[in-house]
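Close look at the chain arrangement
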Amino acid sequence: MGHILAYYPFMALISATVGILTCLSTYNDFLLPLIMISNLEQYTLPLVQYVFQGQFNTDFNLAFASHEKKTGLSQKGTLK
C-alpha cells in the first residue's frame, strides 16, 4: 500500500500531461484543416459541425444530419 502512495504525486503530473496533450491534438485536428482546406466538400467532420454553430445557438438537427451524411451511416447504423 505504501508504494502506491509514493507514486501518487507522479500520477497527478502524468494525468495533467496526458490531458494537455489530448486537448492540443484535438484543437489541432480542428484548426489545421480550417486553415488549409478552402473547399467545403473536403471539410472534415469537426469543421462540418462547426458550420452549424452560431454565436448564441446551434442547429442541432442540421448538425446531426450532417454527421450522418459525412460518416455514411443510415438510420439502422449500417454503412450505405
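Residues numbered from 1 in each chain as written. Predicted model: local features only at pLDDT ≥ 70, side-chain atom pairs only at ≥ 80, totals over all residues. Heavy atoms only, no water.

Thoughts on the overall build of the protein chain
Our working rule: Helical segments are the DSSP runs of H or I of at least four residues, strand segments are the runs of E of at least two, and each set is numbered from the N terminus. Accessible area is worked out with a 1.4 Å probe on protein chains only. A residue is then buried under 20% of its type maximum, exposed over 50%, and partly exposed in between. Contact criterion: two residues are considered in contact whenever any of their non-hydrogen atoms come within 4.5 Å of each other. Accessible surface is estimated by sampling points in the Shrake-Rupley manner with a 1.4 Å probe; for residues, cover comes only from the protein chains shown.
Check the secondary structure of the protein chain and you find three helices and zero strands. Reading the secondary structure of the protein chain in the N-to-C direction produces α-α-α. Taking all 80 residues of the protein chain together, 9% fall into the buried category. Considering only residue pairs separated by 6 or more positions, the protein chain has 17% of its internal contacts joining residues 24 or more positions apart. On the protein chain, roughly 7000 Å² of surface is accessible, and the fraction owed to carbon and sulfur atoms is 67%.

A look at the packing of aromatic side chains
Definition in use: Note on aromatic contacts: the rings of Phe and Tyr and the six-membered ring of Trp form a pair at centre separations within 6.5 Å, being stacked when their planes are under 30 degrees apart, edge-to-face when over 60 apart, and tilted otherwise.
For the structure on display, the rule yields one aromatic pair. Arranged with centres 5.1 Å apart and planes meeting at 75°, the rings of phenylalanine 30 and tyrosine 50 form a pair that is edge-to-face. Highlighted residues: phenylalanine 30 in helix H1 (residues 2-36) and tyrosine 50 in helix H2 (residues 45-51), separated in sequence by 20 residues. By relative accessible area, tyrosine 50 is classed as partly exposed at 44%.

Considerations on a nonpolar patch on the surface
Note the threshold: In this analysis, a patch consists of residues with relative accessible area above 30% that form no salt bridge, clustered at 9 Å for like charges and at 5 Å for the nonpolar side chains Val, Leu, Ile, Met, Phe, Trp and Tyr. Here, a salt bridge means any Lys or Arg side-chain nitrogen found within 4 Å of an Asp or Glu carboxyl oxygen.
On the surface, a nonpolar cluster with roughly 800 Å² of combined accessible area is contributed by Tyr7, Tyr8, Phe10, Met11, Leu13, Ile14 and Val18. Inspection of the secondary structure assignment puts tyrosine 8 in helix H1.

A few points about the confidence of the model for the protein chain
Keep this limit in mind: Within a predicted model, pLDDT stands for the predictor's per-residue confidence, ranging from 0 to 100.
Across the protein chain, the average pLDDT comes to 77, with 80% of residues at or above 70. Mean pLDDT in the protein chain bottoms out at helix H3 (residues 60-71), which sits at 71, and peaks at H1, which reaches 84.

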